[in-house]
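A structural walkthrough
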Amino acid sequence: MASSKNLSRFWEWGRKIICVGRNYAEHAKELKNAVPTEPVLFLKTPSAYVREGAPILMPYYTNSLHHEVELGVVIGKGGKDIAQSSAMDHVEGYALCLDMTARDVQDQCKKKGLPWTLAKAFDTSCPVSDLISRETIKDPHNIKIWLKVNDVLRQEGSTSSMIFSIPFLISYISRVITLEEGDLILTGTPKGVAAVQEDDEMVAGIDDIISMRFRIKKQL
Ligand SMILES: O=C([O-])CC(=O)C(=O)O
Ligand SMILES: [Mg+2]
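Residues numbered from 1 in each chain as written. Chains lettered and ligands numbered in written order. Predicted model: local features only at pLDDT ≥ 70, side-chain atom pairs only at ≥ 80, totals over all residues. Heavy atoms only, no water.

Here's the deal with the overall build of the protein chain
Scanning the protein chain from terminus to terminus reveals 4 helices and 16 strands. C-alpha extents for the protein chain along the principal axes are approximately 45 × 35 × 30 Å. When the 220 residues of the protein chain are sorted by exposure, 52% land in the buried category. Once local pairs closer than 6 in sequence are excluded, the contacts in the protein chain between residues at least 24 apart make up 78%. (Helix = DSSP H or I, 4+ residues; strand = E, 2+ residues; numbered from the N terminus. Buried < 20%, exposed > 50% of the residue type's maximum accessible area, 1.4 Å probe, protein only. Contact = heavy atoms within 4.5 Å.)

And the structure:
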C-alpha cells in the first residue's frame, strides 16, 4: 500500500498503462461486441499521458476520436501471480482517466484482425487526474464516473456495473504481466462513448470527488 517512493506523480514514472476493454456490458453492447467471459487487455505507453492544462491531440489519421471515461487503479506495490485476496494491498490509489480512442481506426483493426496500437496508444490518448488516495475512495466498486462534452452529459456509469472487479483484474493481469509500482490499470468504460471535435471541451469526474477538464486540438 504505502510505498517508500512518492507515487503522487505516477505518470512521470514511465511505467505501464494496462487497459481493460469491455468491462461494462452496456458498453460492449453499444459497440456490438460480445460481453466477455475473460478480460480483454491492451496497452498504452507512458507517452500517452497528458495532464490538465495541455490539449488532447487528435491524431492526423482519424476522423472519429471517441472519449471513454474510466476509473484508473495506481499500483503501489509490484507483484507477480497476485492472489485476489491480497490484491488490494497492491493498490496505492486511484485516478480519473480517459481512454481516448480513434474509433474508425479501431474498427478497421478489428476487421483486419490487427492490433489496436494506432487506435489506442497515440500520444495524449491517456489524460489523467491527480492521484486519489484509497481513503478518499473507500469503495471503488460503488462510485459514479461521468463525462460531459461542451456541458452536455455523455457518459455516466457506476463502477458497480463492472464485469470484472479490481481484485480479479489485478490477479488476472499479474499472472501475465508483472505489476510494478507506478503502473496504471484502466478498468474500462461505461456506455455513452461518442466522438469529439476540434475545440470541444470535455469535463470528466468521479462523483463530486474530483473533476478534470481537457480541450481537443488537432495534431499539427
Ligand atoms: O474500445 C473499446 O471498446 C474497449 C475499451 O477500451 C473499453 O471498453 O473501455
Ligand atoms: Mg477503454
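Overview of the UniProt feature "domain: Fumarylacetoacetase-like C-terminal" (unreviewed entry) in the protein chain
Mapped onto this numbering, the UniProt entry gives "domain: Fumarylacetoacetase-like C-terminal" (unreviewed entry) at residues 16-216. Strand forms 36% of residues 16-216 and helix 15%; the C-alpha atoms that close the span are 24 Å apart. (UniProt positions renumbered as here; feature names shortened; annotations may be inferred.)

Considerations on the packing of aromatic side chains
Across all of its chains, the model carries 6 aromatic pairs by this definition. Centroid distance F10 to W11: 5.0 Å. Interplanar angle 80 degrees. Geometry classified as edge-to-face. By relative accessible area, which is 10% here, W11 ends up buried. Arranged with centres 5.3 Å apart and planes meeting at 20 degrees, the rings of F164 and F168 form a pair that is stacked. Residue class for F168 comes out partly exposed when judged on its relative accessible area of 28%. Here the aromatic residues F10, W11 and Y49 are joined through ring pairs into a cluster of three or more. Lying over the aromatic face of W146, K148 brings its terminal NZ or CZ to 5.6 Å of the ring centre. (Phe/Tyr/Trp six-rings, centres within 6.5 Å; stacked < 30°, edge-to-face > 60°. Lys NZ or Arg CZ within 6 Å of the ring centre and 35° of its normal.)

A short note on the site of ligand 1
Taken together, 14 residues form the shell around ligand 1, and within it R22, H27, D99, Q106 and K120 come nearest. Breaking the shell around ligand 1 down by element, the ones donating at least two residues are β1 (17-21) and α2 (103-112). (Near = heavy atom within 4 Å.)

Regarding the coordination of the magnesium ion (ligand 2)
Donor atoms from the polypeptide that bind the magnesium ion (ligand 2) are E68 (OE), E70 (OE) and D99 (OD), placed at 2.0 to 2.1 Å. One chain supplies every donor to the magnesium ion (ligand 2), and in sequence these donors are spaced E-x1-E-x28-D. With E70 in strand β6 (residues 69-75) and D99 in the loop between β7 (91-98) and β8 (101-102), this residue pair connects regions lying 29 residues apart in the sequence. Per residue, the accessibility class of E70 equals that of D99, and both read buried. (Donors = N, O, S within 2.8 Å, 3.2 Å for Na, K, Ca; no water.)

What to know about α2
Among the residues of α2, R103, V105, Q106 and C109 are the ones counted as buried. Projected onto a plane normal to the axis of α2, the buried residues spread over an arc of 155 degrees and lie on a single side. Among the exposed residues of α2, those oriented more than 90 degrees off its buried face are K111 and K112. Next to the buried residues of α2 lie α1 (25-30), β5 (65-67), β8 and α3 (117-120). Where α2 terminates, the next one or two residues include G113, which has phi positive at roughly 70 degrees. (Arc of directions from axis to C-beta.)

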